[in-house]
Amino acid sequence: MAAFLTPRQYAILEAMCARLVPADDGAPDGTEMGAVDYIDTLLGAFTFTPPRIWAGGPFSGRFGGEPSFSDFEDLSPAEELAWRTRIEGSNGIPERERLGPVTGLQEIYTRGLAELGEEFPSLDPAAQDDRLQEIGDFTRVVYEHVCEGLYGAPEYGGNRGLAGWHYLNYEGDVQPRGFTDAEVSGA
Amino acid sequence: MSRDFDAIIIGSGPAGSTAAEVLSEAGLSVLIFERGRNHLIDLDNPAVLPQRFSSDEIKYMIRHFLGPDPWAEPRTFRMSASDGDRQVVGEVNNLPATVGGGGVHADGKLPRLREDDFRVEAELGPIAGANIADWPVTYDEMEPYYAEAERIIGVAGLAGANPFAAWRSGDYPMPPGPAMYGSLVTSAAAEKLGYHPYPAPTGVNSIEYDGRPVCNNCGFCAYFGCPIHAKGDPVAPLRRALLTGRAQLRSQSHVSRILLQNGRATGVEWIDSRGERHTELAGRIVVACGAMETPRLLLLSGLTNEHIGRNVMFHMQTFVFGVMPFRVHGHIGRSVTHVHDDHIIVDEAAKAAATDAGLPWIKGGLVEHCSPSHLIAEAKQYPWGPQHKMMMRDSPMRDHLLGFCMQGDDLPQLTNRVDLDPAVTDIWGLPVARTTYQLHSHELVASQHHGSRLAQIMKEAKAERILTATSPKTTGDLATTHADISQVPISRHVAGTARFGADPSSSVCDQWGRLWEAPNVMIADSSVFPTGSGYGPTLTLVALSLRNSRAFATGAS
């Protein structure tokens, strides 16, 4: 059950993320690495309590310490207003339109995925890539989120099984273990 | 109304925290206001160090965890008055709005200024179009405060390693930490060409210090709070202030106005996190909001000194990157471990370049040896499609990239200023700080001159390709190669907007940082700097806060 996306939207975004970062010999595609779930978690951040905006700390537990990234931070009223405006849009609500109307991420995704259309997942890969080039602005927004979803901490919904870090031999957050002086200074 | 505190300090960054320690140890009761959250210190038991920060690129680099939120508390920017009311609304040189302020996110390079930096007008002379003034204090007078500031924060460094350094009365409190591999490569090349790289003076523990652990080189340093308190953020002075029992810290509390009556401050008006307004009275006020929020608050309070907000300075950053034929693992270590000062010196070559450009002199800045370390920032630079993973594996823009960042000295100009935006407000309904800023030709000429020298070093280091960029964006040989760099300077080294001096007709504060207009208000941050130097401001503003807060604590309120 997705946090925000409908099953149809979810399927279109799955097809999209698989083209933005295609599978190759060394690693699965962007969808399999968790990009769609990252985006869905961001769009539906306020369906969780506390909202999934800021993961907790200090340690993920991946290199020792008590895991706490999953304990998301509470937001103050001002922070909640800023993040709801960013995600849900201003929708004519005066306190959200102080700096002018804001198109929320939810609307950007709803419109962009509708424009790609329900047939998008069934197009062949070359035709999918052409469509993604055509709707450049939306593709750019999604691609930035895909990058966050693949290479950010998995507590935000993406980077499934640490696939984004593993294929690059990147350790991720290494606190509290850290690196040795020899690792810092050596080639 | 009764007065519950002798002094109110606005801002809990390095300047405000230092003032808090000085004033509370002098016996005054102190209330510290911080508009942001508190993740740094346990208010119930300051003896115990809480651990709340984390190594999380999404939270710190993308989602504004340390604040301020650029929608809730934006700033605006324009290049000149002829560009309309503003060209940019949002993030403009933001420093963290959090307990500990800019000390939390910095990677802690803490150089001293040189003797000359306090007397630029006397030593080098004026430049047309610039508003250069000497400081009302000399290096010799500052030296003991510098030494004390280094002990308070805990600075690691190697005395004698920098031939251009000002004199010092003793060693650094700690030896340097381990050198990063990439810095060793670029330092060797720099030395070969006659430059003088040295271990960067850094407020990061290389040994256990002041009850805090040694840094473990996690790589999430610049822009991140330190999860293990190995960084010299203001936890030390805040903790000592709170342990006196005379200091109180109030976070998520936004001071909206200093209350003034007959040329004196009587207290402040502040807004809590639910938006409710309150008043707190005190006989002394310390303003330490940073060089953009400080002039904003002075203007919001109705102060009228003509110089408030003028002469705003940012370092002009010149970047020279080299794509190396080997991996450099910039994600392992404390962001920057080597720097060199050669470009700050006005030598014969710099004089010749100045003469060619019709300027009396040019000065560059501290050069940091660095390399990028974060995956998401890297990934966004590559194209989508089959190339994405190939690029990520080859990593030309991260794991093969070494860089120089020159923090170029930026001359003060009367027309470069921070004032109140005529229409844009923050979430509390208060006008936001607007910056009007253009580079002086001095910065451009210095950037070209020294940038080409940095490119020579990168070539010597065997770079396969060399990329250059500046912030703010310029044209010509140093035209940006980085799409994200804009006209807004990205430097967080902001200074100059409430300069101190001996003459009330040309300064905002007196020689002790007190407002000429309301002498029971002291400005503790880099707003008071008359000139910018080519060095980061933090150690100097902490040293000045020590000097000026001591005088402020004992002077009549």
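All right, on to the overall build of chain A then. What chain A contains, in helices and strands, is eight helices and zero strands. When the helices and strands of chain A are read in sequence order from the N terminus, they spell out α-α-α-α-α-α-α-α. Oriented by its inertia axes, the alpha-carbon framework of chain A measures out at about 50 × 45 × 30 Å. Counting across all 187 residues of chain A, residues that qualify as buried make up 41%.

A few words now on the interface of chain B and chain A. Between chain B and chain A, the contact holds 47 residues from the first and 46 residues from the second. Of all the elements in the fold, those that place two or more residues in the side of chain B that touches chain A are helix H2 (57-62), helix H6 (181-192), helix H10 (375-379), helix H11 (387-394) and strand E16 (417-425) of chain B. For the side of chain B that touches chain A, the class distribution of residues is 26 nonpolar, 11 polar and 10 charged.

Consecutive side chains of a regular strand alternate in pointing toward one face of the sheet and then the other. Residue and element names in this part refer to chain B. Burial runs high along strand E13 (residues 336-340): five of the five residues are buried. Bridge analysis of strand E5 (residues 198-199) against E13 gives two bridges, and the strand direction is antiparallel. In the sheet register, Pro199 faces E13, and the bridge partner there is His338. Relative to strand E14 (residues 365-370), E13 runs antiparallel, the two being bridged by four bridges. Looking at E14, one finds that His340 is bridged to Val367.

Here we take up the confidence of the model for chain B. Residues and elements named next belong to chain B. Of the residues in chain B, 97% reach a pLDDT of 70 or more, and the chain-wide mean stands at 95. Taken as a whole, residues 478-484 scores under 50 in pLDDT and shows 15 contacts with residues more than four places along the chain or in a different chain. In the model output, the complex is listed with pTM 0.97 alongside ipTM 0.98.

Residues and elements named next belong to chain B. By the criterion of burial, strand E17 (residues 431-436) is predominantly enclosed, with five of the six residues buried. Of the pairings in the sheet, the one linking strand E3 (residues 75-78) to E17 comprises three bridges and is parallel in character. The residue bridging Thr76 from the neighbouring strand is Arg434, located in E17. Of the strand pairs in this sheet, E16 and E17 are connected by five bridges, and their pairing is antiparallel. The residue bridging Leu420 from the neighbouring strand is Ala433, located in E17.

All right, on to the environment of Ala81 of chain B then. Examined against the element boundaries, Ala81 of chain B turns out to sit in the loop between E3 and strand E4 (88-90). When the C-alpha positions of Ala81 of chain B and Pro199 of chain B are compared, they lie 42 Å apart, and in sequence the two are 118 residues distant.

Here we take up the nonpolar core. If you look at the biggest cluster of nonpolar residues, it comprises 188 residues, and the most contacted ones within it are Ile8, Ile9, Ile10, Val30, Val286 and Val287 of chain B. In terms of residue count, the dominant contributor to this core is helix H13 (residues 538-554) of chain B (eight residues).

Once that is clear, we can look at helix H6 (residues 136-151) of chain A. Between its first and last C-alpha atoms H6 of chain A spans 22 Å; for 16 residues at 1.5 Å apiece the expected length is 22 Å, and the two agree. Listing the buried residues of H6 of chain A in full gives Thr139, Val142, Tyr143, His145, Val146, Cys147, Glu148, Gly149, Leu150 and Tyr151 of chain A. Contacts made by the buried residues of H6 of chain A are with helix H1 (7-20), helix H2 (35-43), helix H5 (125-134) and helix H7 (163-166) of chain A together with H2 and H10 of chain B.

Here we come to the sheet that holds strand E8 (residues 264-271) of chain B. Residues and elements named next belong to chain B. Here three strands make up an open sheet; going across it, the order is E7-E8-E9 and the pairing antiparallel. On the outer flanks of this sheet lie strand E7 (254-261) and strand E9 (277-281), each paired with one strand and no other. Mean inter-strand twist for the sheet, computed between neighbouring axes without regard to direction, equals 30 degrees. By the bridge criterion, seven bridges tie E7 to E8 in an arrangement that is antiparallel. Counted as the bridge partner of Leu260 is Ala265 from E8.

Here we come to the environment of Gly154 of chain B. All names here are of chain B. Looking at the element boundaries, Gly154 is found in the loop between helix H5 (139-153) and H6. You can call Gly154 buried: it has 24 C-beta atoms within 10 Å. As for Gly154 and Asp210, which are separated by 56 residues in sequence, their C-alpha atoms are 7.9 Å apart. Ignoring anything within four residues of it in the chain, the contact list for Gly154 reads Pro173, Met174, Gly203, Asn205, Tyr209, Asp210 and Gly232.

Here we come to H6 of chain B. The end-to-end C-alpha distance of H6 of chain B is 17 Å, a good match for the 16 Å that 12 residues give at a rise of 1.5 Å each. Among the residues making up H6 of chain B, those that are buried are Tyr181, Gly182, Ser183, Val185, Thr186, Ser187, Ala189 and Ala190 of chain B. For H6 of chain B, the secondary structure elements touched by its buried residues are helix H8 (181-185) of chain A together with E13, E14, strand E15 (401-408) and helix H12 (441-460) of chain B.

To continue, consider the packing of H1 of chain A against H5 of chain A. Residues and elements named next belong to chain A. With their axes 10 Å apart at the nearest point, H1 and H5 run at an angle of 95 degrees to one another. What the angle tells us is that H1 and H5 run roughly perpendicular. The segment H1 lies against H5, with Ala15, Met16 and Arg19 engaging Pro125, Gln128, Asp129 and Leu132. Residues of the contact of H1 with H5, tallied by class, amount to four nonpolar, one polar and two charged.

Cis geometry marks the peptide bond from Gln175 of chain A to Pro176 of chain A, where omega comes out at 0 degrees. Here the bond from Ser471 of chain B into Pro472 of chain B is cis, since omega is -5 degrees, no more than 30 degrees from zero. The phi angle at Asn217 of chain B is positive, at roughly 60 degrees, despite the residue not being glycine. Its location among the elements puts Asn217 of chain B in the loop between E5 and helix H7 (235-243). Even without glycine at this site, Gln252 of chain B takes up a positive phi of about 45 degrees. Residue position: Gln252 of chain B is located in the loop between strand E6 (247-250) and E7.

What follows deals with the sheet that holds strand E18 (residues 465-471) of chain B. Within a sheet, neighbouring strands are paired by backbone hydrogen bonds and run either parallel or antiparallel to one another. Residues and elements named next belong to chain B. A sheet is described by the order of its strands in space; here six strands give the open sequence E5-E13-E14-E15-E12-E18, paired in antiparallel fashion. Edge positions in the sheet fall to E5 and E18, since each of these pairs with one other strand and no more. Across six bridges, the pairing between E14 and E15 is antiparallel. Each bridged residue has a counterpart across the sheet, and for Glu368 the counterpart in E15 is Cys405. Where H6 meets the sheet, it contacts E13, E14 and E15, and its direction lies at approximately 15 degrees from that of E13. Lying over the sheet, H12 contacts strand E12 (316-323), E14, E15 and E18, oriented at roughly 20 degrees with respect to E12.

How each quantity is defined
Residues numbered from 1 in each chain as written. Chains lettered and ligands numbered in written order. Predicted model: local features only at pLDDT ≥ 70, side-chain atom pairs only at ≥ 80, totals over all residues. Helix = DSSP H or I, 4+ residues; strand = E, 2+ residues; numbered from the N terminus. Buried ≥ 20, exposed ≤ 12 C-beta atoms within 10 Å, placed from the backbone. Contact = placed C-beta atoms within 7 Å. Nonpolar A, V, L, I, M, F, W, Y, C, P; charged D, E, K, R; others polar. Pairing = 2+ DSSP bridges. pLDDT = per-residue confidence, 0-100. Core = buried A, V, L, I, M, F, W, Y, C linked by C-beta atoms within 7 Å. Expected span 1.5 Å × (residues − 1). Axes fitted to C-alpha atoms, helices over the stretch in contact; angles between N-to-C directions. Parallel < 35°, antiparallel > 145°, perpendicular 65-115°, else oblique.

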